[in-house]
Amino acid sequence: MSAQPSLAPAPPAPTRAPQSLRERAVGGVKQRVRWGLGHGLPSRLMHRAAKRGDLQGQLVTRTGSGDSSALWPIVEQVRASGPIHKSSFAYVTVSLPVVREVLTSNDFHAGVFLPGEGPLGKLALWAEEPERIGPLNPPSLLVVEPPEHTRYRKLVTRVFTVKAVEELRQRTQEIADRLLDDLEARAAAGEPVDIVPTYCAALPVTVIAEILGVPEADRQRVLDFGTAAAPSLDLGLSFGEMRAVEAALDDFRTWLVGHLEHLRENRGDDLLSRLVAIQDEDGGLSQAELLATAGLVLAAGFETTVNLLSNGTALLHEHPEQRALLREDPSLWGNAVDEVLRYDPPVLLTGRTALRDTTVAGRQVTAGSVVTTLLAGANRDPEVFTDPHTFDVTRENARDHVAFSAGRHYCLGAALARMEGEVGLKALHDRFPDLAVVPGGTRRPTRILRGWETLPVRLS
């Protein structure tokens, strides 16, 4: 499959109508409410709870420190308390079977609010901007539920098939090779290179641009959208950070409306063109759903793969004996990617809210209660994984992890992420077998997204 967009330039994006003073004032209040409910209030409450010794509070505050090792002692305390732990604000589980039970249960709704239910749910519903796209905004597949989710995902899955992703493999290899060519001169000079922006981010975002059929002239603009919008998946953003994320998503939506019109007239063989065809031929996808899918691909498909590549690079440096195994048997690379996802997943946790009174792991959970499924903790469940704190690229059941979630909200881009991880990490280490991480790297300070903000390496 050719992922090249049509050569015709996209038309100028439509401009947004000016707002009145009253509309701007109301919009500002709604934005403050969104920040308060999604970031400010949870962050403050978690910090207070952490000081009282609450384990979930400590999880949230310590993961925001940028110290990856700070997470695991808390995870093990949660594990020692039983299959499901009651914190001050929610239930927490690090048991892989319980995580799967919650994520696949029809008794739970995605997210930590029931839309329109209770004072906070009603306030959140009032503060929504219906036209704003984002991975956590309806009708994103991450948050809609059956029956809408069933119809919607079935249509989108027709395009994002394993076969379609495999057809992108050769193009992904070409992109990786070109990026590595650009690094050759710096490798020859012996200069350290920050591998995150030059490779770990550049590879997936270029693939995404091709999936979306972005004309060459618009590539940098869309790459900037992806960089700015990625934190939309995280918790505890400052008000300024949230405003920047929302502005980027609004600008992306404005650009995307014009781009979709362009694709209708100049349809290519990219995956977004195929989604446009499904909308036009079957009437299956609404314009809002089409916009939301493109926004989900941009925001969720970018940062998580950046983290996969950076985490994998760091882990293989820390475990040279594992890198040696991959040199001896390149067929292990696919399994190695799953072991990276298991051992240091790009996403720490996800939350679900009980729709009705139910039972989880023998414990009563009342309607409206939140269950935090700690994906990273479940991926090191000793009941499932032998020596779970050991990084082993030959692990037979590495693929049993829940780094891509589970159930109806299982990651739509899982096959794409695995392919990009395999191609990207193998190409990097084949080209630079002596790659070494040098001091100075920093983990991202984000709480839910887990990866490296900077990772300087010496390539040869």
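Summary of the structure given here. (Residues numbered from 1 in each chain as written. Predicted model: local features only at pLDDT ≥ 70, side-chain atom pairs only at ≥ 80, totals over all residues. Heavy atoms only, no water.)

### Overview of the packing of helix H2 (residues 55-63) against helix H3 (residues 71-80)
Moving on, step 1. Taken N-terminus to C-terminus, the directions of H2 and H3 make an angle of 165°; their axes are 9 Å apart at the nearest point. Between H2 and H3, the angle is such that the two are roughly antiparallel. H3 is crossed by H2, and the crossing has left-handed handedness. Two secondary-structure elements touch here, H2 through Leu55, Gln58, Leu59, Arg62 and Thr63 and H3 through Leu71, Ile74, Val75, Gln77 and Val78.
Moving on, step 2. The residue makeup of the contact of H2 with H3, split by class, is six nonpolar, three polar and one charged. (Axes fitted to C-alpha atoms, helices over the stretch in contact; angles between N-to-C directions. Helix = DSSP H or I, 4+ residues; strand = E, 2+ residues; numbered from the N terminus. Parallel < 35°, antiparallel > 145°, perpendicular 65-115°, else oblique. Left-handed = near helix turned anticlockwise from the far one by under 90°. Contact = heavy atoms within 4.5 Å. Nonpolar A, V, L, I, M, F, W, Y, C, P; charged D, E, K, R; others polar.)

### Things to note about the nonpolar core
Within soluble globular proteins, side chains that are nonpolar tend to cluster in buried spots.
Moving on, step 1. Ranked by size, the top nonpolar core spans 102 residues in total, and within it Phe160, Ile195, Tyr199, Leu272, Leu275 and Leu459 carry the most contacts.
Moving on, step 2. Element by element, the count of residues in this core is highest for helix H14 (residues 287-318), at 15 residues.
Moving on, step 3. Among the nonpolar cores identified, the runner-up in size contains twelve residues, and Trp72, Val75, Val94 and Leu374 belong to it. (Core = buried A, V, L, I, M, F, W, Y, C linked by side-chain atoms within 4.5 Å. Buried < 20%, exposed > 50% of the residue type's maximum accessible area, 1.4 Å probe, protein only.)

### Structural notes on the pattern of salt bridges
Should the charged atoms of two oppositely charged side chains come close, the side chains can pair.
Moving on, step 1. Under the definition given, this model contains 25 salt bridges.
Moving on, step 2. A salt bridge links Arg151 to Glu289; its shortest N-O distance comes to 2.4 Å. Of this pair, Arg151 sits in helix H6 (residues 148-157) while Glu289 is found in helix H14, placing the two residues 138 residues apart along the sequence.
Moving on, step 3. Residue Glu289 is classed as buried on the basis of its relative accessible area of 8%.
Moving on, step 4. Between Arg418 and Asp338 there is a salt bridge, with the nearest N and O atoms lying 2.9 Å from each other. (Salt bridge = Lys/Arg side-chain N within 4 Å of Asp/Glu carboxyl O.)

### Things to note about a positive patch on the surface
Moving on, step 1. Taken together, the side chains of Arg44, Arg48, Lys51 and Arg52 present a region of like positive charge at the surface.
Moving on, step 2. Here Arg52 lies in the loop between helix H1 (21-51) and H2.
Moving on, step 3. Judged by relative accessible area, Arg52 falls into the exposed class, the value being 57%. (Patch = residues over 30% accessible without salt bridge, like charges linked within 9 Å, V, L, I, M, F, W, Y side chains within 5 Å. Areas by Shrake-Rupley, 256 points an atom, 1.4 Å probe, with all protein chains shown as cover. Lys, Arg positive; Asp, Glu negative; His and termini not counted. Charge placed at Lys NZ, Arg CZ, Asp CG, Glu CD.)

### Some details on the sheet that holds strand E1 (residues 85-86)
Moving on, step 1. What the five strands build is an open sheet, ordered E1-E2-E8-E5-E3; its pairing is mixed. Whereas interior strands pair on both sides, the edge strands pair on one side only; in this sheet they are E1 and strand E3 (108-110).
Moving on, step 2. Here three bridges tie E3 to strand E5 (residues 349-354), and the two strands are oriented antiparallel to one another. If you follow Phe108 over to E5, its bridge partner there is Ala354.
Moving on, step 3. Helix-sheet contacts for helix H4 (residues 96-104) involve strand E2 (91-93), E3, E5 and strand E8 (370-374), and the interaxial angle to E8 is about 130°. (Pairing = 2+ DSSP bridges.)

### Points about a nonpolar patch on the surface
Moving on, step 1. Where nonpolar side chains cluster on the molecular surface, the patch consists of Val29, Leu120, Leu123 and Trp126 and spans about 350 Å² of accessible area.
Moving on, step 2. Secondary-structure assignment places Leu120 in helix H5 (residues 118-127).
Moving on, step 3. Of the residues examined, Leu120 reaches a relative accessible area of 41% and is grouped as partly exposed.

### Topic: the sheet that holds strand E9 (residues 436-437)
Moving on, step 1. If you walk across this open sheet you meet the three strands as E4-E12-E9, and the pairing is antiparallel. Both edges of this open sheet fall to strand E4 (193-194) and E9, since each of them pairs with a single strand only.

### Side note on helix H15 (residues 320-328)
Moving on, step 1. Every buried residue of H15 is accounted for by Gln322, Arg323 and Leu326. Each buried residue of H15 sits inside an arc of 100° when the element is viewed along its axis, so together they form one side. Counted as exposed and oriented over 90 degrees from the buried face of H15: Arg327 and Glu328.
Moving on, step 2. The inward-facing, buried residues of H15 abut H14, helix H16 (333-343) and helix H18 (414-431). (Arc of directions from axis to C-beta.)

### Concerning the packing of aromatic side chains
Moving on, step 1. Summed over the entire model, instances satisfying the criterion amount to five aromatic pairs.
Moving on, step 2. Relative to Phe391, the ring of Tyr343 lies with its centre 5.6 Å away and its plane at 65°, an arrangement referred to as edge-to-face. Taken together, the residues Tyr343 in helix H16 and Phe391 in the loop between helix H17 (375-378) and H18 connect sequence positions 48 residues apart.
Moving on, step 3. Owing to a relative accessible area of 13%, Tyr343 belongs among the buried residues under this scheme.
Moving on, step 4. In this structure, Arg342 packs its charged tip against the face of Phe385, placed 5.2 Å from the ring centre. (Phe/Tyr/Trp six-rings, centres within 6.5 Å; stacked < 30°, edge-to-face > 60°. Lys NZ or Arg CZ within 6 Å of the ring centre and 35° of its normal.)

### As for the environment of Arg186
Moving on, step 1. If you trace the backbone, Arg186 turns up in helix H8 (residues 169-189).
Moving on, step 2. Owing to a relative accessible area of 33%, Arg186 belongs among the partly exposed residues under this scheme.
Moving on, step 3. Between the alpha carbons of Arg186 and Gln220 there is a distance of 23 Å; along the sequence they are 34 residues apart.
Moving on, step 4. In this view, Arg186 contacts Glu191, Pro192, Val193 and Thr198; residues no more than four positions away in its chain are not counted.

### Concerning the pairing of E8
Moving on, step 1. Here E8 lies mainly inside the structure; five of its five residues are buried.
Moving on, step 2. Residues Val370, Thr372 and Leu374 of E8 are buried on one face, and the alternating residues Val371 and Thr373, pointing to the opposite face, are buried as well.
Moving on, step 3. Pairing of E2 with E8, which is carried by three bridges, proceeds in the parallel orientation. Considered in E8, the bridge of Thr93 is made with Thr373.
Moving on, step 4. In the sheet, E5 pairs with E8 via five bridges, with the strands oriented antiparallel. Within E8, the position partnered with Gly351 by the bridge is Thr372.

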